[in-house]
Amino acid sequence: MSDPILELSGIHTDIAQYHILQGVDLAVPRGGVTMLLGRNGVGKTTTLRTIIGHWQSKAGRIRFNGTEITTLPTPARARAGIGFVPEDMGIFSDLTVEENMILAAASGPLDPARLEWIFAAFPPLRTFWKSEAGNLSGGQKQMLSIARAMAEERQLYLIDEPTKGLAPAIISTMAGALRDLKKKGASILLVEQNFSVAKALGDTAAVMDDGRIVWAGEMAELAGDSGLQERLMGLSMEAH
Amino acid sequence: MAAAPDHAPKYAQLPLSDKIGRAMPLLLVPVLVLLGFLSIGSTSSWLTLTVSGLAMGMMIFIMASGLTLVFGLMDVINFGHGAFISVGAYVGISALLALEGWTGVPSLMLNVAAVLAAVIAAMCVTGALGWGFERVIVRPVYGAHLKQILVTVGGLIVIEQMIHVLWGPDEIYITRPEMLKGAVTFAGAAIEKYRLLAVVFGLALFIAMRLVLKRTKIGLIVRAGVQNGEMVQALGYRLRLVFIGVFVTGSALAGLGGVMWGLYQEVITAGMGEEMMILVFIVVIIGGLGSVEGAFIGALMVGLLQNYVAFLEPKLALISNIALMTAILMWRPQGMMPVVKAK
């Protein structure tokens with residue numbers, strides 16, 4: 001196995017008086033989709049926010065591409081090649097779809113070829129190019145959120161529950177776009193509650209509980225062992 | 001590339017009531033001007049008061065525009081903003097007094113050159129002061145509103161006292177440059193030249209600010225940062241640098257507003273900025289936090305209402321703006337065009 005693109009060692013993060021991450025150890029392999037799974041409230045979102053730098057860890061180390069980024073501010077982590085799609089989508093609702101995308105291309109103008117690729121993955125974005133993002137439907141906003149992360153080449157994408165609350169047709173669009181990203185060689189760390197999406201997309205998986213990684217391995221192994229699922233997450237994927 | 005599945009996009013059309021609701025703030029200024037016309041009766045008095053109100057509103061807008069962006073971008077309540085108004089006025093007026101040879105002659109070119117020099121001097125000094133203020137006073141108290149109020153009020157007091165030390169405790173009386181004195185007559189109304197200039201200048205500045213905010217990438221970053229600063233940073237932008245730039249620009253604009261207000265009143269005092277802050281905060285609050293357009297409409301309403309009420313019912317002039325703020329907040333608790341939602 002090649003060097004992981006991202007490594008977390010003994011990460012502890014507090015939010016106010018709460019000790020949320022209690023020693024997270026995680027390795028994200030290069031060029032695949034790693035699912036971050038677990039029940040609600042176990043620290044999945046906090047892990048992503050700690051990686052991008054929205055929360056500062058109080059102990060532990062984060063290495064990206066072999067370089068320590070633990071103390072770097074968020075913009076430096078983004079410029080190093082980490083794209084982030086938050087759970088609330090983080091859309092700039094008063095800006096148009098076009099303005100959201102222009103902003104996403106932080107290092108220069110939008111690449112037309114890349115934009116065509118994004119339009120092919122998310123056709124509604126072309127239709128509503130000049131519309132205010134706040135007027136889009138929930139699914140379209142989620143498309144814009146992921147499209148924004150795709151506007152520039154990133155080596156690692158942190159994506160938090162992209163299919164939450166979406167209709168099946170749109171979930172399928174999302175899954176297609178993520179597969180495309182993977183084919184282009186990007187690495188993805190994906191928090192996902194929809195287990196059928198997790199099974200379909202994931203190469204590897206890590207399961208969290210109580211602010212720690214309690215299991216890590218191949219996604220296929222987890223998907224094929226309902227007893228393991230029951231033990232780790234209190235439910236079986238067969239139910240989904 | 002995987003083909004996207006069938007997904008017929010539909011535009012989420014806004015209901016008519018929402019469209020009217022969005023446009024309402026834009027109608028308030030014309031409605032107020034019309035109500036003023038109906039209440040005052042005399043066309044010449046109404047015209048004089050309207051230009052006076054618009055001029056006052058434009059100057060308040062110039063002072064308030066930076067504050068609303070600072071508030072929106074970094075959630076910083078800066079009571080020290082008034083200090084930049086006072087310092088701007090003192091520096092600008094000192095420059096004008098030093099250029100008496102240019103302001104005392106009836107030459108448009110020399111008069112304009114003197115005013116421009118005064119404005120540039122005031123903006124440079126207040127911009128630099130703003131940079132220092134952010135670094136020394138504001139930066140240590142990000143995220144702590146109560147501390148922000150305490151230390152920025154403290155900063156305001158210190159700077160006011162420094163003005164007393166440098167320029168003395170007495171107010172300074174000034175006269176406008178020769179070509180800006182007097183009035184022009186239009187439709188039987190005498191309209192002061194300086195007020196006309198203030199209206200034109202304020203309007204030009206508002207248009208320039210809108211162009212920067214709407215048409216440039218830095219404007220996009222500022223608008224996006226006001227809505228969701230965390231996400232802007234996650235895209236790779238160093239929002240802190242943008243914030244410092246906005247803080248310095250806002251301070252320089254406050255200094256510009258101070259020079260214009262000083263020339264408008266023809267007297268300056270160290271406490272003038274502090275006094276103006278009441279109106280500036282009213283404008284920022286009724287306009288909606290983070291909204292330059294809202295601050296513009298709010299400032300015009302404050303200026304117009306104060307002038308109309310002072311003419312119609314002088315005793316009510318003092319409370320007219322508080323009444324306006326109360327009415328607007330009862331209608332829209334987050335202000336007319338909020339960009340930042342209440343935190």
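Predicted, not measured: the structure shown is a model, and the values here were computed from it.

### Structural notes on the overall build of chain A
Link 1 in the chain: Each helix and strand counted, chain A has 10 helices and 10 strands in total.
Link 2 in the chain: Projected onto the principal axes, the alpha-carbon positions of chain A cover approximately 50 × 40 × 40 Å.
Link 3 in the chain: By the burial criterion, 48% of the 240 residues in chain A qualify as buried.

### Focus: the interface of chain B and chain A
Link 1 in the chain: Contact residues are listed per partner, giving 25 residues for chain B and 37 residues for chain A.
Link 2 in the chain: Among the elements of the structure, helix 8 (217-227) and helix 9 (229-234) of chain B are those that each provide at least two residues to the side of chain B that touches chain A.
Link 3 in the chain: With five residues, helix 8 of chain B is the largest single contributor of residues to the side of chain B that touches chain A.
Link 4 in the chain: Taken together, the residues of the side of chain B that touches chain A break down into 16 nonpolar, five polar and four charged.

### Comments concerning the pairing of strand 2 (residues 18-28) of chain A
Residue and element names in this part refer to chain A.
Link 1 in the chain: The pairing of strand 1 (residues 6-15) with strand 2 spans eight bridges and is classified as antiparallel. Opposite Ile11, over in strand 2, you have Val24 as the bridge partner.
Link 2 in the chain: Joining the antiparallel neighbours strand 1 and strand 2 is a turn of two residues, in which Ala16 adopts a positive phi near 55°.

### A short note on the packing of helix 5 (residues 108-138) of chain B against helix 10 (residues 239-265) of chain B
Residue and element names in this part refer to chain B.
Link 1 in the chain: Between helix 5 and helix 10, the shortest axis-to-axis distance is 7 Å and the interhelical angle comes to 140°. The pairing of helix 5 with helix 10 is recorded here as oblique in orientation. Crossing handedness for the pair helix 5 and helix 10: right-handed. Where helix 5 approaches helix 10, its residues Ala118, Val119, Ala122, Met123, Val125, Thr126, Gly127, Leu129, Gly130, Trp131 and Glu134 are matched on the opposing element by Ile244, Phe247, Val248, Gly250, Ser251, Ala252, Ala254, Gly255, Leu256, Gly258 and Val259.

### Considering the packing of helix 1 (residues 16-40) of chain B against helix 12 (residues 292-312) of chain B
All names here are of chain B.
Link 1 in the chain: Close contact between helix 1 and helix 12 brings their axes to 9 Å; oriented N to C, the two are set at 10°. Classified by the angle their axes make, helix 1 and helix 12 are roughly parallel. For the pair formed by helix 1 and helix 12, the contact residues are Pro25, Leu28, Val29, Leu32, Val33, Gly36, Ser39 and Ile40 on the first element and Gly294, Ile297, Leu300, Met301, Leu304, Leu305, Tyr308, Phe311 and Leu312 on the second.
Link 2 in the chain: Grouping the constituent residues of the contact of helix 1 with helix 12 by class yields 14 nonpolar, three polar and no charged.

### Looking at the sheet that holds strand 6 (residues 82-85) of chain A
All names here are of chain A.
Link 1 in the chain: Ordered by their spatial adjacency, six strands build an open sheet running 6-7-8-3-9-10, and the pairing between neighbours is mixed. Every other strand in the sheet has two partners, leaving strand 6 and strand 10 (212-218) as the edge strands with one partner each. Neighbour to neighbour, the strand axes of the sheet diverge by 15° on average, direction disregarded.
Link 2 in the chain: Pairing between strand 7 (residues 156-160) and strand 8 (residues 187-191): five bridges, direction parallel. Across the sheet, the residue bridging to Asp160 is Val191, located in strand 8.
Link 3 in the chain: Where helix 1 (residues 44-52) meets the sheet, it contacts strand 3 (33-37), strand 6, strand 7, strand 8 and strand 9 (204-209), and its direction lies at approximately 145° from that of strand 7.

### Quick word on the nonpolar core
Link 1 in the chain: Counting 182 residues, the largest nonpolar core has A:Ala147, A:Leu158, B:Met59, B:Ile60, B:Ala64, B:Val280 and B:Val283 as the members making the most contacts within it.
Link 2 in the chain: Residue contributions to this core peak at 19 residues, all from helix 2 (residues 43-74) of chain B.
Link 3 in the chain: Not counting residues within four places of it along the chain, the set of residues in contact with B:Met59 comprises B:Ala198, B:Gly202, B:Gly257, B:Met260, B:Trp261 and B:Tyr264.

### Details of unusual backbone geometry
Trans is the common state for peptide bonds, and a negative phi is the common state for residues other than glycine.
All names here are of chain A.
Link 1 in the chain: Even without a glycine there, the phi angle at Ala16 is positive, about 55°.
Link 2 in the chain: Among the structural elements, Ala16 can be located in the loop between strand 1 and strand 2.
Link 3 in the chain: A positive phi angle, close to 75°, is found at Met89, a residue other than glycine.
Link 4 in the chain: Note on placement: Met89 falls in the loop between strand 6 and helix 3 (97-104).

### With respect to the pairing of strand 8 of chain A
All names here are of chain A.
Link 1 in the chain: Counting buried positions over the five residues of strand 8 gives five, a clear majority of the element.
Link 2 in the chain: Side chains of strand 8 alternate between two faces, with Ser187, Leu189 and Val191 and Ile188 and Leu190 buried alike.
Link 3 in the chain: Here four bridges tie strand 3 to strand 8, and the two strands are oriented parallel to one another. Paired with Val33 across the bridge in strand 8 is Ile188.
Link 4 in the chain: Following the chain from strand 7 across helix 7 (residues 168-183) to the adjacent parallel strand 8, one finds a crossover that is right-handed.

Reading the values: the criteria
Residues numbered from 1 in each chain as written. Chains lettered and ligands numbered in written order. Predicted model: local features only at pLDDT ≥ 70, side-chain atom pairs only at ≥ 80, totals over all residues. Helix = DSSP H or I, 4+ residues; strand = E, 2+ residues; numbered from the N terminus. Buried ≥ 20, exposed ≤ 12 C-beta atoms within 10 Å, placed from the backbone. Contact = placed C-beta atoms within 7 Å. Nonpolar A, V, L, I, M, F, W, Y, C, P; charged D, E, K, R; others polar. Pairing = 2+ DSSP bridges. Axes fitted to C-alpha atoms, helices over the stretch in contact; angles between N-to-C directions. Parallel < 35°, antiparallel > 145°, perpendicular 65-115°, else oblique. Left-handed = near helix turned anticlockwise from the far one by under 90°. Core = buried A, V, L, I, M, F, W, Y, C linked by C-beta atoms within 7 Å. Right-handed = clockwise from strand over helix to strand, strands pointing away.

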